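# Residue-level structure breakdown
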2 protein chains.
Amino acid sequence: MDLLVMKFGGSSVSTIAKINRTAEKIMDAKNNGHRVIAVVSAMGKTTDQLVSLANELSESPNKRDMDMLLSTGEQVTISLLSIALREKGCKTVSYTGWQAGILTENIHGNARIIDVRKQKIAEQLALDKVVIVAGFQGMTEDGEITTLGRGGSDTTAVALAAAFKASKCLICTDVPGVFTSDPRYIEKARKLDSVSYDEMLELANLGASVLHPRAVEFAKNYLIPLEVCSSMENIPGTLIEEEVSMEKNLVVRGVAFEEDITRISVFWKSHKSMNLASIFSMLAAHHVNVDIIIQSLTNHDRTNLSFSIKNNDLKETLQVLEENKALLGFEEMEFETGLAKVSIVGSGMISNPGVAAEMFQIIDRNHIQMKMVSTSEIKISAVVEANEMLKAANVLHEAFGLSNKIYEKGLSIQPS
Amino acid sequence: MDLLVMKFGGSSVSTIAKINRTAEKIMDAKNNGHRVIAVVSAMGKTTDQLVSLANELSESPNKRDMDMLLSTGEQVTISLLSIALREKGCKTVSYTGWQAGILTENIHGNARIIDVRKQKIAEQLALDKVVIVAGFQGMTEDGEITTLGRGGSDTTAVALAAAFKASKCLICTDVPGVFTSDPRYIEKARKLDSVSYDEMLELANLGASVLHPRAVEFAKNYLIPLEVCSSMENIPGTLIEEEVSMEKNLVVRGVAFEEDITRISVFWKSHKSMNLASIFSMLAAHHVNVDIIIQSLTNHDRTNLSFSIKNNDLKETLQVLEENKALLGFEEMEFETGLAKVSIVGSGMISNPGVAAEMFQIIDRNHIQMKMVSTSEIKISAVVEANEMLKAANVLHEAFGLSNKIYEKGLSIQPS
């Protein structure tokens, strides 16, 4: 009998009615002959509410205390889901992270899973029980409760799927799958039947919030087939696997975008005085996430570095730079807020070197100014004015043929 | 440096402001040179809210699931209290029941503590930290989360006080101590400086809700001095210890009362057919709590048994009796609702055999009818009409001199 790991996020268990619906979805899988491990998150906004309580007491609460506090959220859900399943006649057992044998490194707030001690869950699966596990949490060797940081429940699910050699890890969520772009803003966005791990990684990093990049990376390393699907309907979702069979000729698989980008530029009199490592290690120490970095050494004396950050890191960034101006040896700096990033993703780009040029042409043809550009093997990002973000995303979605069901390279790029 | 165990109930940690006040009270103890283990309950009505959620899913949720669910309540409190204390500059560590080494028997919903594994807490106390422990919960040898049932946090506190040989176990609550009677109804009720374990046991069993009888029994067995005191003010509370030094001449220490009592009477044609053990084991199997039992064998053929139960057990009791009428061999039964129990408690009664007679005289003199009477070595209870309960309690409180600060046997019984 094959094993499914089914993960349900906070929005899938936010009310008693939704917990009952989740229980039904698990029963369906069980009745179809699968063994099931269910991994759940905290109900709806529980985590946010707990964080608010802590912040009433302290601006920067201790991370061990926060792990202790937040891990209660999933523990409530596993209990309630177990009660719901038993009420429907299903044999269950619920486990916290530590009971489930999720062993993590000794870091609070953002621990990585280092091992899964399988004995308990294996015993319970052998008794034909649905095993319900609290996502997002684990325990250190010393018996300290840890949490896994953002996307932690996804990571728990994939780790369990790897440990127990599940046939598939279902990520059940409030959208029916992974889309070519955000359907709230891109009218013609459509659900993808499949994407590769790498494409999903880029999409996830670019803000497609259905799945956390850490979990995708984990799944890629262990070759766990993932499926992002609806927690409410029994329809196929999007399969994430190594070889994308259905749509392998698609060069661009998705268009992602995010707002609230700020560009920072720093100027030196001479490139001899530049010290990139110092800047970025200082910013990292202040938890500023730097995204795109552009540095072009020229033969001119005066040189510069530009990088993009999220708007809410701006104050911290300016302060760090200003305080360390002498040490970093720069002459002046400037910043530009109100920007946005638009990206195209697709593993087909690797074998199609002209894609970047096509993207820039499309953007240019639509009279949108690009402020910064960054490329990876399967992703190209352009920073544009925020008020042109959706226009850029729409024209790229259309031009790279994502609005149509089947697209082959070169067939459907239309002048806009 | 001596060790204090300080227990704070749900009402002492029901809001962020109260958690801060609780943190201050702990800091005071620390600054006065004590080491401190703090034991806390779930915030305010949290447990009730979690029970409601479970009941939306199932009328009779599984007890293991309920333990998993309810134990999150105290875990939230320990985290928040730790955050509050750290914010005030205090070194802390918070532990769930299982982390604190509270080992229980393998029963869900009402487990007893069988051992305290001391290593972790001992290490942290040696580091001069305030150790914060989730009350009401523990773990079995197999790593199952259990809860201790009603009064569980009191029991956790006393168990830790015993294990770590604390100089005192403070039960910090929303009243300033143990009173001679309920001050909400008995105007002249006053706070006792001290009571003995046995007196507190009787008072607790009779509904003085400040302290659970299980915890008192535990404290008595290990001779742990208990003090019931206010969680808000720094004033002495009521000391509970083996030898009551301050008021040892007080014959009656308190007047307790409770409503919602029903009398059940069962009649047999002949006492030969009576089988008391069967009746009470049947009722126990249906979780009916029987309080006072009166059975008087006479030489007459027809005989009867009366016992008192809580009103909300009436339906169940009548059903059990009716269904087993043939087996139990009784002829008929009757019941009377709308009754109440008034009790006087005091260890001085042991050496003063006339106290029961005095009590009955006082009640009689006030034209109150007694329906049932029950005595123990240090307690006398009378069942009266519910509408005469407060009158009876007041006249007993006055007549046995509890309204005055110092009372010596025989001095202040006044005709009413």
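No experiment lies behind these values; they were computed from the predicted model shown. (Residues numbered from 1 in each chain as written. Chains lettered and ligands numbered in written order. Predicted model: local features only at pLDDT ≥ 70, side-chain atom pairs only at ≥ 80, totals over all residues. Heavy atoms only, no water.)

## Notes on the confidence of the model for chain A
Residue and element names in this part refer to chain A.
- Averaged over every residue, the pLDDT of chain A is 89; the share at 70 or more is 92%.
- Segment residues 406-416 is flagged for pLDDT under 50; beyond a separation of four residues in sequence, or across chains, it makes 25 contacts in the model.
- Prediction confidence for the complex, expressed as pTM and ipTM, is 0.82 and 0.80 respectively. (pLDDT = per-residue confidence, 0-100. Contact = heavy atoms within 4.5 Å.)

## What about the packing of helix α11 (residues 355-365) of chain B against helix α12 (residues 389-399) of chain B?
Residue and element names in this part refer to chain B.
- Packing of α11 against α12 brings their axes to within 10 Å, and their N-to-C directions diverge by 130°. Considered as vectors, α11 and α12 are oriented oblique to each other. The two elements α11 and α12 meet at a crossing, and its hand is right-handed. Residues Met359, Ile362 and Ile363 of α11 form the contact with α12, whose participating residues are Val395, Leu396 and Ala399.
- Of the residues that constitute the contact of α11 with α12, the class distribution is 6 nonpolar, no polar and no charged. (Axes fitted to C-alpha atoms, helices over the stretch in contact; angles between N-to-C directions. Helix = DSSP H or I, 4+ residues; strand = E, 2+ residues; numbered from the N terminus. Parallel < 35°, antiparallel > 145°, perpendicular 65-115°, else oblique. Left-handed = near helix turned anticlockwise from the far one by under 90°. Nonpolar A, V, L, I, M, F, W, Y, C, P; charged D, E, K, R; others polar.)

## Section: the domain arrangement of chain A
- Annotation of chain A at the domain level lists domain 1 (3-174) and domain 2 (255-399).
- Its C-alpha centre places domain 1 of chain A at a distance of 37 Å from the equivalent point of domain 2 of chain A. (Domains from an automatic or database assignment.)

## So, the interface of chain B and chain A
- Facing 40 residues of chain B, the contacting portion of chain A comprises 40 residues.
- Between chain B and chain A, a total of about 3300 Å² is buried, with carbon and sulfur atoms accounting for 63% of that surface.
- For the pair chain B and chain A, the interface holds 2 salt bridges.
- A salt bridge links A:Asp65 to B:Arg86; the shortest N-O distance between them is 3.0 Å.
- Our count for the chain B to chain A interface comes out at 18 residue pairs in polar contact (both at pLDDT 80 or more). (Buried area = accessible area lost by both parts, 1.4 Å probe. Salt bridge = Lys/Arg side-chain N within 4 Å of Asp/Glu carboxyl O. Polar contact = N/O pair within 3.5 Å; in protein donor to acceptor, adjacent residues only side chain to side chain.)

## Focus: the pattern of salt bridges
- Using the criterion set out here, one finds 44 salt bridges over all chains in the structure.
- Note that A:Arg64 and A:Glu144 form a salt bridge whose closest N and O atoms lie 2.5 Å from each other. Residue A:Arg64 is found in helix α3 (residues 63-87), and its partner A:Glu144 is found in the loop between β7 (137-139) and β8 (145-147); the two are separated by 80 residues along the sequence. Assigned by exposure class, A:Arg64 and A:Glu144 land together as buried.
- A salt bridge links B:Asp154 to B:Lys7; the shortest N-O distance between them is 2.9 Å. A residue pair is termed long-range when its members are at least 10 positions apart, and B:Asp154 in helix α5 (residues 152-163) and B:Lys7 in strand β1 (residues 3-8) qualify at 147 residues.
- For B:Lys7, a relative accessible area of 9% gives the class buried.
- Beyond isolated ion pairs, a larger network of salt bridges with shared partners links A:Arg263, A:Glu334, A:Glu336, A:Lys371 and A:Glu385. (Buried < 20%, exposed > 50% of the residue type's maximum accessible area, 1.4 Å probe, protein only.)

## What about the environment of A:Lys379?
All names here are of chain A.
- By secondary structure assignment, the location of Lys379 is in strand β18 (residues 379-385).
- The spatial distance from the C-alpha of Lys379 to the C-alpha of Val252 is 8.8 Å, given a sequence separation of 127 residues.
- Here Lys379 is in contact with Glu202, Leu206, Ser343, Ile344, Val345, Met349 and Ser374, once residues within four sequence places are set aside.

## Here's the deal with helix α1 (residues 16-31) of chain A
All names here are of chain A.
- With 16 residues, α1 should reach 22 Å at 1.5 Å per residue; the first-to-last C-alpha distance of 22 Å fits that figure.
- The complete set of buried residues in α1 reads Ile16, Ile19, Arg21, Thr22, Ala23, Lys25, Ile26, Met27, Ala29 and Lys30.
- Downstream of α1 by a residue or two, Gly33 has a phi angle that is positive, lying close to 90°. (Expected span 1.5 Å × (residues − 1).)

## A short note on the sheet that holds strand β15 (residues 303-310) of chain A
All names here are of chain A.
- The antiparallel open sheet is built from 6 strands, whose spatial order is β14-β15-β13-β16-β18-β17. Every other strand in the sheet has two partners, leaving β14 (290-295) and β17 (370-376) as the edge strands with one partner each. Adjacent strand axes in the sheet meet at a mean angle of 30°, parallel and antiparallel pairs treated alike.
- Looking at chain direction, strand β13 (residues 254-268) and β15 are connected through 8 bridges and run antiparallel. Each bridged residue has a counterpart across the sheet, and for Thr262 the counterpart in β15 is Ile309. (Pairing = 2+ DSSP bridges.)

## Here we look at the side chain of A:Ser153
All names here are of chain A.
- Relative to the assigned elements, Ser153 resides in helix α5 (residues 152-163).
- A polar side-chain atom of Ser153 sits 3.0 Å from a polar atom in the side chain of Ser41.
- Apart from the residues lying within four places of it in its own chain, the contact partners of Ser153 are Lys7, Val39, Val40, Ser41, Gly135 and Phe136.

## Brief notes about the relation of the copies chain B and chain A
- Superposition record for chain B on chain A: RMSD 0.2 Å, screw rotation 179°, translation along axis 0.0 Å. One copy is carried onto the other by what is essentially a two-fold rotation axis. Within chain B, the C-alpha atom positioned nearest to the axis of rotation is that of B:Thr72, 2.5 Å from it.
- The share of interface residues of chain B whose copies in chain A are also at the interface is 100%, consistent with both copies meeting through the same surface. (Least-squares fit on C-alpha atoms with pLDDT ≥ 70 in both.)

## Overview of the state of the cysteines
- Summed over the entire model, instances satisfying the criterion amount to 0 disulfides over all chains.
- With no disulfide of its own, A:Cys169 lies closest to A:Cys172 among cysteine sulfurs, the gap being 8.7 Å. (Disulfide = S-S within 2.5 Å.)

## Re the sheet that holds strand β18 (residues 379-385) of chain B
All names here are of chain B.
- Strand order in this open sheet of 6 strands is β14-β15-β13-β16-β18-β17, and the pairing throughout is antiparallel. Both edges of this open sheet fall to β14 (290-295) and β17 (372-376), since each of them pairs with a single strand only. Between one strand and the next, the sheet's axes are offset by a mean angle of 30°, whatever the strand orientation.
- Lying over the sheet, helix α6 (residues 197-205) contacts β13 (254-268), β16 (332-345), β17 and β18, oriented at roughly 140° with respect to β16.

## Some words on helix α11 (residues 355-365) of chain A
Residues and elements named next belong to chain A.
- Within the sequence span of α11, burial applies to Val355, Ala356, Glu358, Met359, Ile362 and Ile363. Looking straight down α11, one finds that the buried residues subtend no more than 160° of arc, so they occupy a single side.
- Structurally, α11 contributes buried residues whose contacts are with β16 (332-345), β17, β18 and α12 (389-399). (Arc of directions from axis to C-beta.)

## Structural notes on unusual backbone geometry
All names here are of chain B.
- One non-glycine residue with positive phi stands out, namely Asp128, at about 70°.
- Structurally, Asp128 is set in the loop between α4 (119-126) and β6 (130-134).
- The exposure class of Asp128 is partly exposed, given its relative accessible area of 34%.

## So, the packing of α5(B) against helix α7 (residues 213-222) of chain B
Residue and element names in this part refer to chain B.
- Relative orientation of the contacting elements α5 and α7 amounts to 10°, with a least axis distance of 8 Å. As judged from the angle between their axes, α5 and α7 are roughly parallel. Contacts between α5 and α7 involve Asp154, Thr155, Val158, Ala159 and Ala162 on the former and, on the latter, Arg214, Ala215, Phe218, Ala219 and Tyr222.
- Among the residues forming the contact of α5 with α7, the class breakdown is 7 nonpolar, 1 polar and 2 charged.

## Thoughts on the packing of aromatic side chains
- Inspection of every chain in the model, using the stated rule, returns 9 aromatic pairs over all chains.
- Relative to B:Phe257, the ring of B:Tyr185 lies with its centre 6.1 Å away and its plane at 75°, an arrangement referred to as edge-to-face. Placement of B:Tyr185 in the loop between β9 (168-173) and β10 (194-196) and of B:Phe257 in strand β13 is noted, with a sequence separation of 72 residues between them.
- Given a relative accessible area of 43%, B:Tyr185 falls into the partly exposed group.
- By relative accessible area, which is 14% here, B:Phe257 ends up buried.
- Taking the ring centre of A:Phe164 as reference, the NZ or CZ of A:Lys118 above it sits at 5.7 Å. (Phe/Tyr/Trp six-rings, centres within 6.5 Å; stacked < 30°, edge-to-face > 60°. Lys NZ or Arg CZ within 6 Å of the ring centre and 35° of its normal.)

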